[in-house]
Amino acid sequence: GAGVSQSPSNKVTEKGKDVELRCDPISGHTALYWYRQRLGQGLEFLIYFQGNSAPDKSGLPSDRFSAERTGESVSTLTIQRTQQEDSAVYLCASSLSGGRSSEQFFGPGTRLTVL
Amino acid sequence: KQEVTQIPAALSVPEGENLVLNCSFTDSAIYNLQWFRQDPGKGLTSLLLIQSSQREQTSGRLNASLDKSSGRSTLYIAASQPGDSATYLCAVGANSGYALNFGKGTSLLVTP
């Protein structure tokens, strides 16, 4: 079956522009997570969705970052007024259920470069 | 805040060797621990998931152990192959929140 897919695979933007990153989870997975990986750093958690609600947004670094999810399907991460420090690989993961013990499956990521 | 450390940061071994990758975490109140591999330019592939009540998990040539009380996990790779070359990431699911807390990884190179 299909895994987690993300688009675009690469995005280059100018400082100050808004960007939207898309994630399609594995079909039937109710939980969805966004992480980012900056160069030389470990993965950082951003936000968790259970269905279309987000009970844990604790990792969003500023109010320029927002995310939404349509039902138990696609999610969009939006970064407004991008800054150079937003450059990173943004990874999406999904799991079958939202329980903390659930295995997370990751997409290939979107590499964002802010010039 | 949960801190996850992986040692060594990089490792190079000849093909056929058995090897151990180490992961330590500061808060033993965890739900689970997951090992991933990451290939250059690609996402993460889940290798093994150990629940907090378990001591180890095995998949093929891979064996992961968990000692929650001491805050340690090891990933054992038997009879390494060049195709095992990748970055291996350890991630801990804490009792609070839903995030996985990741280490920075061990970059493994297996030479023919």
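Source: prediction; values computed, not measured.

Calculation rules
- Residues numbered from 1 in each chain as written.
- Chains lettered and ligands numbered in written order.
- Predicted model: local features only at pLDDT ≥ 70, side-chain atom pairs only at ≥ 80, totals over all residues.
- Heavy atoms only, no water.
- Disulfide = S-S within 2.5 Å.
- Helix = DSSP H or I, 4+ residues; strand = E, 2+ residues; numbered from the N terminus.
- Buried < 20%, exposed > 50% of the residue type's maximum accessible area, 1.4 Å probe, protein only.
- Pairing = 2+ DSSP bridges.
- Axes fitted to C-alpha atoms, helices over the stretch in contact; angles between N-to-C directions.
- Contact = heavy atoms within 4.5 Å.

1. Brief notes about the state of the cysteines
- On inspection of all chains with the given rule, the structure shows 2 disulfides over all chains.
- Covalent S-S linkage joins A:C23 and A:C92, the inter-sulfur distance amounting to 1.8 Å. Here the S-S torsion is close to -65°, and the disulfide linking A:C23 with A:C92 is therefore left-handed. Taken together, the residues A:C23 in strand β3 (residues 19-24) and A:C92 in strand β9 (residues 88-95) connect sequence positions 69 residues apart. Across the pair, A:C92 and A:C23 agree in class, each one buried.
- Residue pairing for B:C23: its cysteine sulfur links by disulfide to B:C90, the two sulfurs lying 2.0 Å apart. In this structure, the disulfide formed by B:C23 and B:C90 twists by about -60° around the S-S bond and is classed as left-handed. Of this pair, B:C23 sits in strand β3 (residues 19-25) while B:C90 is found in strand β9 (residues 86-94), placing the two residues 67 residues apart along the sequence.

2. Focus on the sheet that holds strand β1 (residues 4-7) of chain B
Residues and elements named next belong to chain B.
- The strand order across the open sheet built from 5 strands is β1-β3-β8-β7-β6, with neighbouring strands paired in antiparallel fashion. The open sheet has two edge strands, β1 and β6 (56-59), and neither has a second partner. Averaged over neighbouring strand pairs, the angle between their axes works out to 15° when direction is ignored.
- Looking at chain direction, β6 and strand β7 (residues 62-67) are connected through 4 bridges and run antiparallel. Of the residues in β7, the one forming a bridge with Q57 is A64.

3. Side note on the environment of B:Q54
All names here are of chain B.
- Examined against the element boundaries, Q54 turns out to sit in the loop between β5 (44-51) and β6.
- It is 14 Å that separates the C-alpha atoms of Q54 and W35, two residues lying 19 residues apart in sequence.
- When near neighbours in sequence (up to four residues on either side) are disregarded, Q54 contacts L49 and L66.

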